[in-house]
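One letter stands for each residue in the lines below.
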2 protein chains.
Amino acid sequence: MKHLLLIIVLFSSATSLFAEEGMFLFNNPPTKAVAEKYGFEIQPDWLERVQKATLRFPGGTGSFVSSSGLIMTNHHVAAGQLQMLSTAEKNLLADGFCAKTLEEELPCKTLELLSLQSIEDVTERVKAAVKPDMSFEAADKARKAVIAQIEKESTDATGLKSDVVALYLGGQYHLYRYKKYTDIRLVFAPEQQAGAFGGDPDNFEYPRYCLDCTFFRAYEDDKPAQTPLHFGWAKENVKDEQLVFVSGHPARTNRAYDLSHLAFHREVLLPRTLQKLYRLETIYSVWGERSAENMRRIKGDLDGVKNSRKVRLGQQAGLLDPHLLLQKKIDSDAFKAAVEQDEQILAEIENLPDLDGFYDVWMSILPNYQFNEQGDAFPARTFQIARMLVRLAYESEKPNEERLPEYQDSNLESLKRSLFSDAPIYEDVEILKLTNGLTYVSEMSGAFKPALGLDQQSPIQRATELVKGTKLFDVAERKRIAEGGVKAIEESDDPMIELALRSDKAARKARKEYETRIEELLKQYYSKRAEWKLLLFGDTGYPDATFTLRLSYGTVKGYTEDDGTAVPAWTEIGGLYDRAAKHQNAPPFDVPESWARNKDKLDLTTPFNLVSTNDIIGGNSGSPLFNENAEVVGLIFDGNLQSLSSDMIYSDTQARAVSVHAAAIVEAMKKIYGMDRIVNELGR
Amino acid sequence: MKHLLLIIVLFSSATSLFAEEGMFLFNNPPTKAVAEKYGFEIQPDWLERVQKATLRFPGGTGSFVSSSGLIMTNHHVAAGQLQMLSTAEKNLLADGFCAKTLEEELPCKTLELLSLQSIEDVTERVKAAVKPDMSFEAADKARKAVIAQIEKESTDATGLKSDVVALYLGGQYHLYRYKKYTDIRLVFAPEQQAGAFGGDPDNFEYPRYCLDCTFFRAYEDDKPAQTPLHFGWAKENVKDEQLVFVSGHPARTNRAYDLSHLAFHREVLLPRTLQKLYRLETIYSVWGERSAENMRRIKGDLDGVKNSRKVRLGQQAGLLDPHLLLQKKIDSDAFKAAVEQDEQILAEIENLPDLDGFYDVWMSILPNYQFNEQGDAFPARTFQIARMLVRLAYESEKPNEERLPEYQDSNLESLKRSLFSDAPIYEDVEILKLTNGLTYVSEMSGAFKPALGLDQQSPIQRATELVKGTKLFDVAERKRIAEGGVKAIEESDDPMIELALRSDKAARKARKEYETRIEELLKQYYSKRAEWKLLLFGDTGYPDATFTLRLSYGTVKGYTEDDGTAVPAWTEIGGLYDRAAKHQNAPPFDVPESWARNKDKLDLTTPFNLVSTNDIIGGNSGSPLFNENAEVVGLIFDGNLQSLSSDMIYSDTQARAVSVHAAAIVEAMKKIYGMDRIVNELGR
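A.B. asks: Please set out helix α4 (residues 75-84) of chain A residue by residue, giving values where relevant.
C.D. replies: The buried count for α4 of chain A comes to seven of 10 residues, which makes it a mostly enclosed element. All of the buried residues along α4 of chain A are His-75, Val-77, Ala-78, Ala-79, Gln-81, Leu-82 and Gln-83 of chain A.

Have a look at this one:
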């Protein structure tokens, strides 16, 4: 503790010292740094292959690992799909799935994967649409209109899904074009006890022993998709200190945040989010514990909440660490000092909106936005469907660029795939979620709201009436209403449609307020700051994560814990049995039944999980970890606890990315799951 | 729903319609009502026997059930003791305990039980000490001084523990004198799976199958205490509709609350408490799940939190039910209308403090009070010990009546028993709790507080330093400091003592503010309202619960659920096996091992758990349910979900008290646990 300042001076402010920091854009790869440090030249065809072979999953990442559309991702990324494919009789999430032939591969209910085809810088065009004298609202509107226009032109011209992405918090705008894969079939998933050995207690911990993998296959025209650009599979195990890459979709980092913004995050937003998560974790756990079938129905939601809670707790621990914060403070002071020396920036700074007085405004707007628009009040799936139907009807009557983005032509196909999915929805889960939502809103913003029908009924009575009354469980009914447009909506006596219709005005208003008063201010503020930082300190190399494709590099590397324990770079398969034995084989540390049965066949010294210094974050789940030959050496599935504050501040002292070792995947598929046909397809 | 108003008019405002409502004082028993309705005359000697044979446990109730000091209470009331008596090798809470002989009965670490000997009305003397023109602070001080004086005089004169209790929220003051039993030994506890079959999912549910009982024995002079006044044990099973009584210590009801006060409770206090509970439930569960030994160490705390959370959720469901609230509104309107007709009250009302503008003040004071004084910031046991030592030193130097009440002579013996207990304290649990407390305070009232040492260390670093640095795990060290007085405190370099000393001023200030500005106002407000209600409507029979001894009457009676399901008045032992089978014997519905082994011996038609209309609430746990002959027919251990809102509003439509049937206790002790010697002692 006593050498605090010394440490700070040595390690802070010089991000270049953290040689492996960075989630790089594919149109601005770290070619120079990697060449200098590792002597490896990133070539354009290598980059194109990695880019096109990496797939965006809902909330995560996957990759093509054969020329016949075979896809690798995490078991936990696939969990939602596995749950949807399950029934009371057949629990694929819990018990796993092995398609022994191509014919047995199981079509998913709703899954759309995206492969990035090209990136185009459209910053000039977007920025030109916003004039300096515009109000926040006008600026937001103008920017959205030009973005919708660019996306539509691109979709019309190329047929590809086209998204304009704001980078550097609005400092740059790039147009991303994606090829969509919509016929995805399940090939192989281990049982959950193997996929998530150690459960929530081991999540974000290391050493680990998880086979957190699932394989799908993309189909086109009812045949396996042809995917010549795919990752290979490494012939040899990765070595200590070896250079490795990760391509994937880190969802969000906040490394550009100001100190005051960080404080607001730490003291207002994060506690608010944590409170919601604690609440949901309790409500879902309690309901799940009532029976095995309840738990099957809620497990996907519950695991998601537990994961979010652990991430937020890790962030919080980082943000409450004075050492990490001091480092940010020194960076901030350096920026201020540099600005003082620059007369042009000093002049411009006058016109910059101020964040300090702004957090009260934020909090006057946020709850309304979260309740009405983000689903805090109505977290039931049938309500979300009702809202989609209502908005689809009214938005379809407007010109494309005036619609809410998700109802613009470029997004309609995806929207309808979700809207008309026959994924199961459970009445009891719907009532549970809606009761909780109505109770939460009553707690936070007043009870007995007539607009929600709570002046006549308690939350549980109201939720029950709505869920039991709606016909939106039926896909045909959804299609009927969607086809009937505004007329069908206005004539509907479905209580969920009525509620969605009645609440829509307030929800749209709340959304507009949030977007024009909060998001717009942040965009203007941080895009300017980004420009100045570029001027003053040069290119820092990469923008904050935005759930778009990024490349990171690093090395396979163990670390040393605070208490002096040396943690080696990888574990072995035998370690799972040892860990289970230490816990008397009690859940969640019990040996999966298939692993107990086949223990004798396994080479227990096979590497199982491994750590590397790659800069990743949530959304990178399912990313391939690969070598210089673009061959898979592992499958990213987690970060350790020390990595969780990298949301705000990267460090490679102890923070590590955690992967399933490629060798463990092959060993288990061959010796436990009888998936030799897939192992052969991987060329192993 | 459509007949809402009709229902309200029929059932509201006339509390007398709810014939079984009431938690009656032993000096104002419901003699007339019981005689009229059931033809049973409550006699003074019957009342004295019930009063003296009922025992106050920490947080609950127990009763003498033999002439040799045998005591019956709930397993969950005994849980803290069972946990303290456990070690890593021998888990009494989980596995139970059977003393086969008197010699094997196991002395508890810290347990003090109270038997109420007499009640004296001291209202006049207390009220006379407070003059009409006194400030809130002066009034609070004057009242506390006279109460300390009364208690001291009584203790000096009788040697009995003497507490002045505020009833009717300050409308009356009664002096309660207790005989203390301090040598308590454990006789019998079933394994937790029998004591709490169905776990948290079944808590507050019905039908139930729990053997939620534990037996202790009081000793005096190292011999079983002579307790001629004790409950008998019923020779025959209780019948449907039979009159039954409960004596015990309902902890707290809020039935006198104003509508605006209820709204404040519902929208501010209750959500705040729930957030804390959700948080603790998550933090404790997650830590407990890491290993079986962690779970053993935290289980008592975790179960307590789960229980509180379920109670609060039930209260919340009631408070968000417009029907229940309408009933309160009609009562409130009736009161207002009556006041309008009474000129004297109208004149007095001018001088009554106003609650409506008061809730903001409340919330400006409460957080500080909860953080600094109530332990939200420092929930570690070693900190509580440090604070006790610090205060003991400084308070001992003051005259008795100027001390904080818990350091006055009449309470010192109990305080020291707790302070010098050698009950185990676990370093890891202490770090967990203190980290959570410091994090919670950082979240709620700003990070990096220098006063807490958080400007140099993160919460976990600081908590670790404090817990690893303190010597207060050692009872001898506590005694050394206690004997050394102020000098020992000021010379101590124990970090926990230093923290307790440094934080004491702020804590005392926060407490004083809360007591003089909030509690005093509430006392003045509600005591006046209580007086007027007495004038306008006559004696309503009983004051809100205050964790003092109360008598309630009711009948054994089933009920009908909202969906039409008829719920019979009692379950049978065989039902436990059926319920386990329905859940594939998965925890928490697994048959306890000893019950599986001895199933053949049991009469499966023995009544197991039963419901009655008695008006009870938390604190009644462990209360005897008894017949007109003061013979035990059951053991209260729970209320059903519908009873939870009786905190605010009593109803006997579906709300029920839940007991273990006396027959099940005898059957299990004989056939499963081999406790024939105790069954014989019960006279069965």
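A.B. asks: How would you sum up the interface of chain A and chain B? Please name residues and give values.
C.D. replies: Facing the 47 residues of chain A at the interface are 48 residues of chain B. Taken together, the two surfaces of chain A and chain B that pack against each other cover about 3700 Å², and 58% of this comes from carbon and sulfur. Put simply, Arg-290 of chain A and Glu-205 of chain B hold a salt bridge, and the shortest N to O gap is 3.7 Å. The dominant element in the side of chain A that touches chain B, judged by the number of residues it contributes, is helix α10 (residues 259-288) of chain A, at 11 residues. Its residues assigned to classes, the side of chain A that touches chain B shows 19 nonpolar, 13 polar and 15 charged.

A.B. asks: Explain the side chain of Thr-516 of chain A to me, using residue names and the numbers behind them.
C.D. replies: Looking at the element boundaries, Thr-516 of chain A is found in helix α20 (residues 495-537). Assessed through its relative accessible area of 7%, Thr-516 of chain A is described here as buried.

A.B. asks: So what's going on with the pairing of strand β2 (residues 60-64) of chain A? Residues and values would help.
C.D. replies: All names here are of chain A. Most of β2 is tucked away: five of the five residues are buried. Judged from the four bridges that link them, strand β1 (residues 54-57) and β2 form a sheet pairing that is antiparallel. Of the residues in β2, the one forming a bridge with Thr-54 is Ser-63. Linking β1 back to β2 in an antiparallel pair, the connection comprises two residues, with Gly-59 at a positive phi of about 75°.

A.B. asks: Talk me through unusual backbone geometry; I want residue IDs and the actual numbers.
C.D. replies: Across the junction of Pro-587 of chain A and Pro-588 of chain A, the peptide omega takes the value 0°, indicating a cis bond. Position of Pro-588 of chain A relative to the elements: it lies in the loop between α21 (574-582) and α22 (593-597). Note that the residue after Tyr-206 of chain B, namely Pro-207 of chain B, is joined by a cis bond; omega there is 0°. Within the secondary structure, Pro-207 of chain B sits in the loop between α9 (199-202) and β10 (214-220).

A.B. asks: Run through the relation of the copies chain A and chain B, naming residues and quoting values.
C.D. replies: Least-squares fitting of chain A to chain B yields an RMSD of 0.0 Å, with the transformation described by 0.0 Å of translation along the axis and a rotation of 180°. Taken together, the turn and the small shift mark the pair as related by a two-fold rotation axis. Judged by C-alpha distance, Tyr-278 of chain A is the residue of chain A that lies nearest the rotation axis, at 2.6 Å. A high fraction, 100%, of the interface residues of chain A reappear at the interface in chain B, so the copies pair face to face through one surface.

Calculation criteria
- Positions within a chain are numbered from 1, following the residues in the order the chain's sequence is written.
- Chains and ligands are labelled by the order in which they are written, letters from A for the one and numbers from 1 for the other.
- With the structure being a predicted model, the display of local features is reserved for residues of pLDDT at least 70 and the display and counting of side-chain atom pairs for 80 or more, all residues being used for whole-chain, interface and lining totals.
- With hydrogens and water stripped out, all remaining heavy atoms of the structure feed into the side-chain values.
- Residue exposure (1.4 Å probe, protein chains only): buried if accessible area is under 20% of the type maximum, exposed if over 50%, otherwise partly exposed.
- Under the DSSP-based scheme used, a helix requires at least four consecutive residues in state H or I and a strand at least two consecutive residues in state E, with every element numbered from the N terminus.
- We call two residues contacting when some pair of their heavy atoms lies within 4.5 Å.
- Note on terms: buried area is the combined drop in 1.4 Å-probe accessible area of two parts once they are placed together, counting the loss on both.
- We count a salt bridge whenever a side-chain nitrogen from Lys or Arg sits within 4 Å of a carboxyl oxygen from Asp or Glu.
- Amino acids outside the nonpolar list (Ala, Val, Leu, Ile, Met, Phe, Trp, Tyr, Cys, Pro) and the charged list (Asp, Glu, Lys, Arg) are all regarded as polar, and Gly is one of them.
- Paired strands are those between which DSSP finds at least two bridges.
- The copies were overlaid with a least-squares fit restricted to C-alpha atoms from residues scoring a pLDDT of at least 70 in each copy.

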